[in-house]
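Here's the letter readout for the chains.
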Amino acid sequence: MRAFRRIIQILAVLAATNAWLLFLSLGGGLPGTAVCLLLLAAFLCVNLWPVPKTAPTKRIHQLSVGCELLRLFLVTATVNAVWMLALLPSAIRQLHSAGYFSGLWMVMWIFNTFVIVLLEAVVFWNGMIRVYLTSVQLGLKHRVLAALCGWIPFLNIWYLTKIIRITAEEAEFETEKWELDEVRAENEICKTKYPILMVHGVFFRDFRYLNYWGRIPRELKRNGATVYYGQQQSAAAVEDSGKELAARIREILEETGCEKVNIIAHSKGGLDSRAAIAHCGMAPYVATLTTINTPHRGCIYAEYLLNKVPEAARQKVAAAYNAALKRLGDENPDFLAAVTDLTESACLARNETTPDMPGVVYESVMSYCKKAQHGKFPLNVTYPIVKHFDGKNDGLVSVESAKWGTEFTLLEPERKRGITHGDVVDLNRENIPGFDVREFYVNLVADLKKRGY
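Cut-offs and rules
- Residues numbered from 1 in each chain as written.
- Predicted model: local features only at pLDDT ≥ 70, side-chain atom pairs only at ≥ 80, totals over all residues.
- Heavy atoms only, no water.
- Helix = DSSP H or I, 4+ residues; strand = E, 2+ residues; numbered from the N terminus.
- Rg over C-alpha atoms; globule rule 2.2 N^0.38 Å.
- Buried < 20%, exposed > 50% of the residue type's maximum accessible area, 1.4 Å probe, protein only.
- Contact = heavy atoms within 4.5 Å.
- Lys, Arg positive; Asp, Glu negative; His and termini not counted.
- Charge placed at Lys NZ, Arg CZ, Asp CG, Glu CD.
- Pairing = 2+ DSSP bridges.
- Axes fitted to C-alpha atoms, helices over the stretch in contact; angles between N-to-C directions.
- Polar contact = N/O pair within 3.5 Å; in protein donor to acceptor, adjacent residues only side chain to side chain.
- Phe/Tyr/Trp six-rings, centres within 6.5 Å; stacked < 30°, edge-to-face > 60°.
- Parallel < 35°, antiparallel > 145°, perpendicular 65-115°, else oblique.
- Left-handed = near helix turned anticlockwise from the far one by under 90°.
- Nonpolar A, V, L, I, M, F, W, Y, C, P; charged D, E, K, R; others polar.
- Patch = residues over 30% accessible without salt bridge, like charges linked within 9 Å, V, L, I, M, F, W, Y side chains within 5 Å.
- Areas by Shrake-Rupley, 256 points an atom, 1.4 Å probe, with all protein chains shown as cover.
- Salt bridge = Lys/Arg side-chain N within 4 Å of Asp/Glu carboxyl O.
- Expected span 1.5 Å × (residues − 1).
- Arc of directions from axis to C-beta.
- Core = buried A, V, L, I, M, F, W, Y, C linked by side-chain atoms within 4.5 Å.
- Disulfide = S-S within 2.5 Å.

### Structural notes on the overall build of the chain
Along the backbone of the chain there are 17 helices and six strands. Against the compact-globule benchmark of 22 Å for 453 residues, the chain has a radius of gyration of 29 Å, which places it well outside the compact range. For the chain, the spread of C-alpha atoms along the three principal axes comes to 100 × 55 × 40 Å. Burial statistics for the chain: of 453 residues in total, 49% are counted as buried. Taking the contacts inside the chain whose residues are at least 6 apart along the sequence as the reference set, 78% of them involve residues at least 24 apart. Seen as two clouds, the 50 positive and the 44 negative side-chain charges of the chain have centres 7 Å apart.

Following this line, the structure appears as C-alpha cells:
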C-alpha cells in the first residue's frame, strides 16, 4: 500500500510539472484547462498530505512529511531532468528548420522547463523547511553544509540523500520510542519510592526551556518518574554547591512529604552531592547517589593548565565568566573556585574528609571516547590533552577518576562512535548508534525502583 501510494504521488507530480505539454496535446480549450486544474489540485494534495497522519506527535509527523517530500523531489526531479534533456535535441532541430513553427518547439521547451523548475522547487522547499524546523539530529553542521552543497551540482544530490537518510532514521527511531513508552506506560517502571533529584555539572544551570539533561527527564516522566533539579549555581566551590543542594533537598522533602531522594548527578554535580551528604547533614535524606562521569579523583590536566596559565589571565577569564553568569541568574558565581576543586590534588584531599555515609547507596557510571572527533567542540579539542595526562576519557574526565561506590558501570561504545561527557546527559540531543541515552536512564531508574528506592 505504501509503495502504491508513492507511485501515485510520483505520477501526480510528473503529470503536474508537465501539465503545459498535456494542455497542448489535448488541443487546449476547456478539456485541456480542466485536466490542468485537476493535475494542479493533485499536486497541491501531494504537497499537503504526502503521508497519512499516523505519527505519534506533530513534530514526528512533520518530519516524516518532510522526508517523504524530499524523496519525492529527488525522484521526480531526476525523471523530469532526463525527460527534458531527451526533448532538447528535437527542439534544437526544429529551431534550425524552416517554417512557421521553427522556433515554437524551443519556446515550448523553455516554458515547460520553467514550469518544472517552479513546481519542483515547491516540493523541495516544502520538504526542506519541514525537516529543518523539526529535525533534532541534523544539527547545525548538517544544516550549514546542506546550504553550501546546494550550490554545487551532483554534490547537492549526494548531500540531499544524506539529509533524507538522517531525518528518516530519526523519524523511525522516535516513533519506535514513543510506541515503546505507550506500551509500558501503565507499568510506570520508573515510579520510584523516592523522587529523582537530577544535579547538573559545572558551568551550566537548570533552565526551564533549555534542559541540561536533554530529552532524559521527559522520558523518565513518561515512565512514571517524579523528577526535580538541583538548581545550584553554575560555578562555585564544591562545599558551597553542597550547601545549595542541601537546601534544595530540604525544599523537595517539604514539598513532597517524602523521606528521602534519589540523586543522579553528572560531572562536578557528583562532588557537590557527596559534599551535601557528608558535610551538610543530608545522609538521612538521601537513599541513593548515582554519579555520572564525575571526576572523584580529579583531573590531572586541569591542575596542569591551572598552574601554567598566568595569574593575570586566570583572573581576567574568571571575571568575564562571573559577570556573564550573574546576568543569567547566579548570585555569586566563582569560576576559579570551581575549577580549582576539580584538580587532582583538591579532589584527593577532599576524599580524605568526605567519607561515604552509612545508609546511602553510592554507585557510579562512566563513558569514554575512542577518538577526538567523536566529541563536539570543545570536547574534541580537550580529548587528546586529557588522554595525555589522564588516559582513557570522555573528553573531560578519565575512566579511572570516575570509579566510585559499591557498583561501577562502564558504558562501552558498541560501534566506532564513542560516548562523550556531553553525550551521557543528552546535552546535544543526538541519537548515537549503539547507545540509547534515554533508554539507559529509564533502565537505571527502573533498577532503583526494583531495589525499593
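### Some words on the sheet that holds strand E6 (residues 407–411)
Spatially, the six strands line up as an open sheet ordered E2-E1-E3-E4-E5-E6, and their pairing is parallel. Only two strands of the sheet have a single partner each, and these edge strands are strand E2 (227–229) and E6. Going across the sheet, the axis of each strand differs from the next one's by a mean of 20°, ignoring polarity. As paired strands, strand E3 (residues 261–266) and strand E4 (residues 286–292) are joined by six bridges and run parallel to one another. Across the sheet, residue Asn262 finds its bridge partner in E4, namely Thr288. Helix H10 (residues 268–279) contacts strand E1 (196–199), E3, E4 and strand E5 (361–367) of the sheet and is inclined by roughly 145° relative to E3.

### Describing the side chain of Asn262
As for its position among the elements, Asn262 is in strand E3. One polar contact links Asn262 to Thr288, side chain to side chain, over a distance of 2.8 Å. The contact partners of Asn262, leaving out residues within four places of it in the chain, are Thr192, Tyr194, Pro195, Ile196, Leu197, Ala287, Thr288, Leu448 and Tyr453.

### Quick notes on the side chain of Asn393
Among the secondary structure elements, Asn393 is positioned in the loop between helix H15 (379–390) and helix H16 (399–402). When residues no more than four places from it in sequence are discounted, the contact partners of Asn393 are Ser367, Tyr368, Cys369, Tyr383, Val386, Lys387, Ser398 and Val399.

### Re the pairing of E5
Of all seven residues in E5, seven are buried, a share of seventy percent or more. Both faces of E5 are covered, namely the face carrying Val361, Glu363, Val365 and Ser367 and the face carrying Tyr362, Ser364 and Met366. Looking at chain direction, E4 and E5 are connected through five bridges and run parallel. Within E5, the position partnered with Thr288 by the bridge is Val361.

### Overview of the packing of aromatic side chains
For the coordinates displayed, the defined rule picks out twelve aromatic pairs. When the centroid spacing of 5.6 Å and the interplanar angle of 75° are considered together, the rings of Tyr212 and Trp213 count as edge-to-face. Both residues of the pair, Tyr212 and Trp213, belong to the buried class. What links up through ring pairs into an aromatic cluster is the set Phe204, Tyr212, Trp213, Phe435, Phe440 and Tyr441.

### Comments concerning the packing of helix H7 (residues 155–184) against helix H17 (residues 437–450)
Where H7 contacts H17, the two axes come as close as 12 Å, and the packing angle between them is 20°. Taken together, H7 and H17 sit at an angle that is classed as roughly parallel. Here the hand of the crossing between H7 and H17 comes out left-handed. Along its contact with H7, which presents Phe173, Glu174, Lys177, Leu180 and Arg184, the element H17 presents Arg438, Glu439 and Val442. Residue composition of the contact of H7 with H17, grouped by class: three nonpolar, no polar and five charged.

### A few points about a nonpolar patch on the surface
On the surface, Phe4, Ile7, Ile8 and Leu11 cluster together into a nonpolar patch covering about 400 Å² of accessible area. Tracing the sequence through the fold places Ile8 in helix H1 (residues 2–17).

### Here's the deal with helix H12 (residues 311–327)
Spanning 17 residues, H12 covers 25 Å between terminal C-alpha atoms, matching the ideal 24 Å at 1.5 Å per step. For H12, the full list of buried residues reads Ala318, Tyr321, Asn322 and Leu325. All buried residues of H12 lie within an arc of 100° about the axis, which places them on one face of the element. Exposed and oriented more than 90 degrees from the buried face of H12 are Ala312, Lys316 and Arg327. For H12, the elements touching its buried residues are helix H13 (335–340).

### A look at the pattern of salt bridges
When the charged atoms of two side chains with opposite charge come close together, those side chains can pair. Evaluated as defined, the whole model comprises 26 salt bridges. Across the salt bridge formed by Arg184 and Glu219, the nearest N and O atoms sit 4.0 Å from each other. Residue Arg184 is found in helix H7, and its partner Glu219 is found in helix H8 (residues 216–222); the two are separated by 35 residues along the sequence. Each member of the salt-bridge network shares a partner with another, and the members are Lys177, Asp181, Glu182, Arg184, Glu219, Arg222, Asp436 and Glu439.

### Focus on the nonpolar core
Nonpolar side chains tend toward joint burial in soluble globular proteins. Residues Leu70, Val131, Leu160 and Ile163 are the most contacted members of the largest nonpolar core, which totals 33 residues. At the level of elements, H1, helix H3 (29–48), helix H4 (58–96), helix H5 (104–134), helix H6 (139–149) and H7 are the ones that each hand at least two residues to this core. One finds Met198, Tyr229, Ile419 and Val437 within the second-largest nonpolar core, a separate group that totals 26 residues.

### Describing the state of the cysteines
A complete count under the given rule lists zero disulfides for this structure. Unpaired in this structure, Cys149 has its nearest cysteine sulfur neighbour in Cys67, at a distance of 18 Å. In this structure Cys149 comes out as buried when scored by relative accessible area, which is 10%. Here Cys369 is not cross-linked by a disulfide; its sulfur's nearest cysteine counterpart is in Cys299, at 14 Å. For Cys369, a relative accessible area of 5% corresponds to the buried category.

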